Structure formats: C-alpha cells, structure tokens
Amino acid sequence: MKEDREKSPVQTGFRVPAEWEPHESTWIGWPRNRTDWPGKIAPIPWVYGEIVRRIAPGETVRILADEPTQNRARRILGRVGVDPSRIEFFPFPTDRGWTRDSGPIFVLRDGSPREAAVVRFGFNGWAKYPDWGKDALVPVLAAERLGLRLISARAGKKPFVLEGGSIEVNGRGTLLTTEECLLDPAVQVRNPGLGRPEIEQALQANLGVRNILWLGKGIAGDDTHGHIDDLCRFVNEKTVVLCREEDPRDANYRPLQENRERLQGMKLEDGSRPEVVPLPMPSPLYFDGQRLPASYANFYIANVAVLVPTFNDPRDRIALGILAELFPDRPVAGIHAVDLIWGLGAIHCLTQQQPRP
C-alpha cells in the first residue's frame, strides 16, 4: 500500500463526514488487555457483546482481534444473538482497545463515484502511555486490507498526531475541539512546537474542515487531557449537546459553564449560531479512589441506533430522553457502562465509523 505523503486530504477533495451520515461499518477492538480494566475485565466482553448486538442490524461490525480473542468473541456474540454474517474479524496486532483514537480515521470524497480513504494520523498513546506501537500501525493495515487510499497526515513537513476522540465535526466544515487537549504546551503534548495557527492549518488540511471552534477544558477524570467526545457533540449540522453540571461544588461546574459561555459567541461555517442543548452529567463515579470520566456525551451514532452510556443514575432517563428527541430517525438505547468506565472511556471511545462510499 503506497502512502500519499505529498497531497493532503483537502487538496484531493476529501472531507471527514459527520457520524450520522451512512456507515459501511463500525470498527471496534475486542477487549484483551487486562490493564485497561484492572481487576474488572470479566464483565467487559459482555458489554462489548451488547454494543455489537445493537450496531450489527444496520451495518457490518469489523472487530480487531487475534485468533484466540476471536474465538472468545464469537462465543459471546453467539450467546447474545448477533448474526455472524454481520461480523468481520481483522487479526491486526494491537496494544489497547480504544479504536476511536488509534484506529483508522476515514474521509470521504463526494462525487460519482464517492470514494473513501484512510488518513494516517500519528498516534503516541495520548502522549502518556508507553504501549502504542502496534496501535499506531492499525490505520495502515486497515487501508491495505480494504484496498483504500492511505493519506499521510502532516503539519507542515512533520507527521501530525491526532486522536479521533479529540475532534467532533458536523460534516459541513465545522470542527469542535478543546484547548486543553491540543494546545497545552506542557501536559500530554501531542505535537511539540506547534501553536494554534499550525494546529488549525493541520486540522483544515487533513480533515477538510474550514471552521474550528475551540472550547476550553474537558471533564474531570479524563486521562486524555480534554477529549471533546466526553464534553460536547454535534447531533445534527446546526445543534450540539453540551454537558452541564448543576452542583457548583463539583470540579466540572466551572469548566462546563465557561464552555457554555464560549459557545454562545461562536458561529458555524455558514455564519449561524449553533443551537446548544444542555445534557446532564451523572453523579460523580469513583473506583479505588479515582474519579472516572462518566459522561452521557460519549454516545455513538450507528446506522440504526444511538448507543448511550448509562450509570445506574437517576439522570440516565433524562439524558436518554433528551437524545431521543434529538435523534427521531433512530432509537436511542442505553448501554450499562459502570464497569466500562473504569477503563477511563466509554462507547464512543471504543468505536470508529467507516462511511459508506
């Protein structure tokens, strides 16, 4: 597979589509690394089984798993009633299971015919963890297996490091991200030496966007240092949901208020202001004394369902009701995530959509 290092995606007419646009498949890495959920790995494959069961009726689910892991996954998927014809296994070596961040990020070129490609962003374990070398190669292997064009993501002449959970798009040219994740000069620095102008140029060139909206900080407990997908999400071209904390004593209260104030002054690519719908935060969750990044914003939009993490919290029903009104074209389903969130991520972090060409 020849990697295009000369022309950026935007130079060749590609854009990153919105998550609600039609998928060919959803990618997910089957859990096998016990250090992702220390002491709590046993229930995790069953949570994955429920996620796949909800997605598979509307699209193929492509699962990253070695041979022994495939056998275990097939047993679980069979027991929960997943049609095996809707599953494809890819035996690529991996370090972790967070496919949103290390898996292939797909772009689409509209026209006749439409064409999908893979952008190879750099991945360095969130600039925090040492085990990332295998994960960083997954986009290359995916493009080769699928026979898709592979485009190297660059910031000037340097490789550009980016995780899928750090960006959110409306498919029409606007991208949301946070300063905490992409601009902090000292903590978990993905692209040393690059400031806001260089980061914005790289986002525009590699994702086909032209309007970038910067929020401030992410939520407490997020070890990615500010991923947007725990905080603020597009639900259509003009509307976002933004997490809101009602308790002024909570660590999330002030940062979320500041992000709301920022959004009030922002505009979309067409000059209009986004409609902002508040999404509640669940009560704080802790395990072994550690604050966990529990958030209803970490939902995933599949072809035939919207999957929302739930936390045995009274606010679960409120969040599900808000999202059900915002997605009238597909059912909204809660996925129990109290065990899942001990891995410091939830449903959106685990999944990556491949657009239908």
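Cut-offs used in this document
Residues numbered from 1 in each chain as written. Predicted model: local features only at pLDDT ≥ 70, side-chain atom pairs only at ≥ 80, totals over all residues. Heavy atoms only, no water. Helix = DSSP H or I, 4+ residues; strand = E, 2+ residues; numbered from the N terminus. Rg over C-alpha atoms; globule rule 2.2 N^0.38 Å. Buried < 20%, exposed > 50% of the residue type's maximum accessible area, 1.4 Å probe, protein only. Contact = heavy atoms within 4.5 Å. Pairing = 2+ DSSP bridges. Axes fitted to C-alpha atoms, helices over the stretch in contact; angles between N-to-C directions. Salt bridge = Lys/Arg side-chain N within 4 Å of Asp/Glu carboxyl O.

The helix and strand tally for the protein stands at 10 helices and 21 strands. A compact globule built from 357 residues should have a C-alpha radius of gyration of about 21 Å, and the protein, at 19 Å, falls within 12% of that. If one aligns the C-alpha atoms of the protein with their principal axes, the spans along those axes are about 50 × 50 × 40 Å. Residue burial in the protein is summarised as follows: out of 357 residues, 59% are buried.

Let us look at the environment of Met281. With respect to the helices, strands and loops of the structure, Met281 is situated in the loop between strand 15 (275-280) and strand 16 (286-287). Overall, Met281 belongs to the buried group, its relative accessible area being 4%. Expressed as a C-alpha distance, the spacing of Met281 and Val80, which sit 201 residues apart in the sequence, is 30 Å. Ignoring any residue separated from it by four or fewer positions in sequence, one finds Met281 in contact with Ile219, Cys243, Arg244, Glu245, Asn252, Leu256, Ala294, Ser295, Tyr296 and Arg315.

Moving on, we get to the sheet that holds strand 14 (residues 239-244). The strand order across the open sheet built from 3 strands is 13-14-15, with neighbouring strands paired in mixed fashion. Where the open sheet ends on each side, the last strands, each with one partner, are strand 13 (232-234) and strand 15. Between one strand and the next, the sheet's axes are offset by a mean angle of 25 degrees, whatever the strand orientation. Its contacts with the sheet place helix 8 (residues 253-264) against strand 13, strand 14 and strand 15, and it is angled at close to 155 degrees to strand 14.

Another point: the pattern of salt bridges. Under the counting rule described, the total for this entry stands at 28 salt bridges. Among the salt bridges present, the one from Arg196 reaches Glu179, with a minimum N-O distance of 2.8 Å. Of this pair, Arg196 sits in helix 7 (residues 196-207) while Glu179 sits in helix 6 (residues 179-182), and the two are 17 residues apart along the sequence. Residue classification places Arg196 among the partly exposed positions, given a relative accessible area of 34%. Taking the relative accessible area as the measure of exposure, Glu179 reaches 21% and is therefore partly exposed. Its salt-bridge partner being Glu179, residue Arg262 comes within 3.0 Å of it at the nearest N-O pair.

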